[in-house]
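Coordinate analysis (summary)
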Amino acid sequence: MGIIEEAHNVKILGTGEQVIVLAHGFGTDQSVWKHVVPHLVDDFKVILYDNMGAGTTNPDYFDFNRYSTLEGYAYDLLAIIEELKIESCILVGHSISAMIGAIASICRPDLFSKIIMISASPRYLNDVDYYGGFEQEDINKLFEAMQSNYKAWCSGFAPLTVGGDMESEAVQEFSRTLFSMRPDIALTVAQNLFQSDMRQTLHLITVPCHILQSGKDLAVPIAVSEYLHQHLGGESIIEIMSSDGHLPQLSSPDIVIPVLLRHIHFNITT
């Protein structure tokens, strides 16, 4: 195993010719795909990895400068794909990893046959003629709460983000992966994520994109998915699922899995 594979805990499952790369969002790791993977491994080669900074990665590898922008993560994704000698893949990117995958696809569109975006947002902050869902004041309070008592912040943030029952397995699972991050790393990742703005870059994304969105998501209003759909540079389609919350693959796998499989098999241009 190469150094990049080891650093990102890369796992390769299944033996199909078509490669699917599963990329997780903030506060989680590759375990967020645990309900999805069994439905893919019989037909596809599935690549799982952890973004640097996830609780499962070595914090000594986290370069605060490199990961102050989304490009740092995009270069990691490209390095993994190249190290595994993957010529083309379908990327399923959750939350910020949908945008990370989009950046990677601008650099190397040949490597991605399509990107399936789950709960994706090009900008979380409201702006003139743009509704992202948050005001700067809200985000500042979030950062302050993370700094003052990270464990307490995790306990409050997890149920809000996942949606549904506070005692649910999905909330417990997200709390676990969130809390496993080193607090200073989690704060840096959150600052990068919530202050990012990809709106001026969307027209450069020419790979076909499938936008999947929960009907109710505290972090990503439906208006954001519509904005993505209208401003991407290539073909795109959007589907609003009857799931709740920002991590529907964890909280509503029975809803998400059939939708995801349909979009994996469906080509926009056909």
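Predicted, not measured: the structure shown is a model, and the values here were computed from it.

Some words on helix α10 (residues 253-265)
In a regular helix each residue adds 1.5 Å, so 13 residues correspond to 18 Å; α10 covers 18 Å between its end C-alpha atoms and thus fits that length. Those residues of α10 that fall on the buried side of the exposure criterion are Pro253, Val256, Ile257, Val259, Leu260, His263 and Ile264. Against β2 (19-23), β4 (89-94), β5 (112-118), β6 (209-216), β7 (236-244) and α9 (248-251) lie the buried residues of α10.

Focus: the UniProt feature "domain: AB hydrolase-1" (unreviewed entry) in the protein chain
Residues given the UniProt feature "domain: AB hydrolase-1" (unreviewed entry) here are residues 20-257. Counting secondary structure, residues 20-257 comes out at 40% helix and 16% strand; the distance between its end C-alpha atoms is 14 Å.

Details of the packing of aromatic side chains
One pass over the full model with this rule turns up ten aromatic pairs. Ring geometry for Tyr67 versus Tyr73: centroids 4.7 Å apart, planes at 45°, classification tilted. Judged on exposure class, the residue Tyr67 and its partner Tyr73 are both buried. Here the aromatic rings of Phe157 and Phe174 are separated by 6.3 Å at their centres, their planes lie at 45°, and the arrangement is tilted. Here Phe157 is found in helix α5 (residues 150-162), whereas its partner Phe174 is found in helix α6 (residues 169-179), with 17 residues between them in sequence. You'll find Phe157 and Phe174 in the same group, each marked buried. For the cation-ring pair, Arg199 lies above Tyr130, with the distance from its terminal atom to the ring centre recorded as 5.0 Å.

Things to note about the pairing of β5
Across the seven residues of β5, six count as buried, placing the element largely inside the fold. Pairing of β4 with β5 involves six bridges; the strand directions are parallel. Residue Leu91 lies in a different strand from β5, and its bridge partner there is Ile115. Handedness of the crossover is the feature at issue here: the chain leaves β4, passes through helix α3 (residues 96-107), returns alongside β5, and the resulting connection is right-handed. Pairing analysis gives four bridges linking β5 to β6, with the strands arranged parallel. Residue pairing for β6: Ile116 is matched across the bridge by His210.

Considerations on the side chain of Asp50
Tracing the sequence through the fold places Asp50 in the loop between β3 (45-48) and α2 (70-83). No salt bridge is formed by the buried Asp50, whose closest oppositely charged neighbour, Lys11, lies at an N-O distance of 5.9 Å. A distance of 2.9 Å separates a polar atom in the side chain of Asp50 from the backbone nitrogen of Gln30. In contact with Asp50, other than residues within four places in its own chain, are His8, Asn9, His24, Asp29, Gln30, Thr56 and Thr57.

Considering the nonpolar core
Judged by nonpolar contacts, the single largest core of 95 residues is most densely connected at Phe26, Phe112 and Met117. With sequence-adjacent residues up to four places away left out, Phe112 is seen in contact with Leu77, Leu78, Ile81, Ser88, Cys89, Leu91, Gly101, Ala104, Ser105 and Val207.

Each value, and the rule that gives it
Position labels on residues start from 1 in each chain and follow its written sequence. Reporting in this predicted model follows two pLDDT cut-offs: at least 70 for local features of residues, and 80 or more for side-chain atom pairs to be given and counted; totals over whole chains, interfaces and linings ignore these cut-offs and use all residues. Think of the side-chain values as coming from all heavy atoms in the structure, minus any hydrogens and water. For the purposes of this entry, the term helix denotes a DSSP run of H or I that reaches at least four residues, the term strand denotes a run of E that reaches at least two, and both are numbered from the N terminus. Expected span of a helix: the number of residues minus one, times 1.5 Å. Summary of the burial criterion: residues with accessible area below 20% of their type's maximum are buried, those above 50% are exposed, and those between are partly exposed, where the area comes from a 1.4 Å probe applied to protein chains only. Should any heavy atoms of two residues lie within 4.5 Å, those residues are counted as being in contact. UniProt positions are given in the numbering used here, feature names are shortened, and annotations may be inferred rather than shown by experiment. To pair, rings of Phe, Tyr and Trp, with the six-membered ring standing in for Trp, must have centres within 6.5 Å; the planes then decide the type, stacked if under 30 degrees apart, edge-to-face if over 60, and tilted in the middle. Should the NZ of a Lys or the CZ of an Arg lie within 6 Å of a ring centre and within 35 degrees of the ring normal, that charge is described as sitting over the ring. Two strands pair under a simple rule: DSSP has to find at least two bridges between them. The handedness of a crossover follows from its direction of travel: if, with the strands pointing away from the viewer, the path from the first strand over the helix to the second runs clockwise, the crossover is right-handed. Neither His nor the chain ends contribute to the count of charged residues, in which Lys and Arg are positive and Asp and Glu negative. Put simply, a salt bridge is a Lys or Arg side-chain nitrogen that is within 4 Å of an Asp or Glu carboxyl oxygen. For this analysis, a polar contact is any N or O atom pair within 3.5 Å, provided that within protein one partner can donate a hydrogen and the other can accept it, and provided that sequence-adjacent residues contribute only side-chain to side-chain pairs. For this analysis, a nonpolar core means a set of buried residues of the types Ala, Val, Leu, Ile, Met, Phe, Trp, Tyr and Cys, connected via side-chain atoms within 4.5 Å.

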